[in-house]
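Each chain is listed here by its residues.
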Amino acid sequence: RDLRGKIVVLDNGDPGWDFVFHLGALGIITLNGGPASHMCSRASELRVPACIGIGESLYQKLKVAHSVHLDCAGRMVTPY
């Protein structure tokens, strides 16, 4: 699957999802995880914008959103 230009929203970021980095994902957002998680480490290592561990409320909104704006510098995730 081609993920170029897409922000991937996942419920977890275990190593099994590592392939999304190699399919051209523009960004990664996960429900669970933190600064020491695998997905956070890989995103940092590969310089892919990511928001790890967003919490249940925002995750539920993102699951049904048509698009998502991920602004790491501004520390904002906005569903549209």
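Here, the structure is the one placed above.
Note that the structure is a prediction, hence the values are computed from the model and not measured.

Points about the pattern of salt bridges
Tallying each qualifying case throughout the model produces three salt bridges. In this structure, the salt-bridge partner of Asp2 is Arg4, at a minimum N-O distance of 2.8 Å. We classify Asp2 as partly exposed; its relative accessible area is 41%. Between Asp18 and Arg42 there is a salt bridge whose closest N-O contact spans 2.9 Å. Taken together, the positions of Asp18 in the loop between strand S1 (7-10) and strand S2 (27-30) and Arg42 in helix H1 (residues 38-46) put the pair 24 residues apart, joining distant regions of the chain. For the residue pair Asp18 and Arg42, the accessibility class agrees, reading buried in each case. Linked through salt bridges whose partners overlap, the residues forming this network are Asp18, Arg42 and Glu45.

Points about the sheet that holds S2
The strand order S1-S2-S3 describes an open sheet built from three strands, whose pairing is parallel. Looking at the sheet topology across the chains shown, the edges are occupied by S1 and strand S3 (50-52). Pairs of neighbouring strands in the sheet enclose a mean axial angle of 15 degrees, with direction left out of account. Summarising the sheet, S1 and S2 pair through four bridges and their orientation is parallel. Following the sheet pairing, Ile7 is matched in S2 by Gly27.

Conventions and cut-offs
Residues numbered from 1 in each chain as written. Predicted model: local features only at pLDDT ≥ 70, side-chain atom pairs only at ≥ 80, totals over all residues. Heavy atoms only, no water. Salt bridge = Lys/Arg side-chain N within 4 Å of Asp/Glu carboxyl O. Buried < 20%, exposed > 50% of the residue type's maximum accessible area, 1.4 Å probe, protein only. Helix = DSSP H or I, 4+ residues; strand = E, 2+ residues; numbered from the N terminus. Pairing = 2+ DSSP bridges. Axes fitted to C-alpha atoms, helices over the stretch in contact; angles between N-to-C directions.

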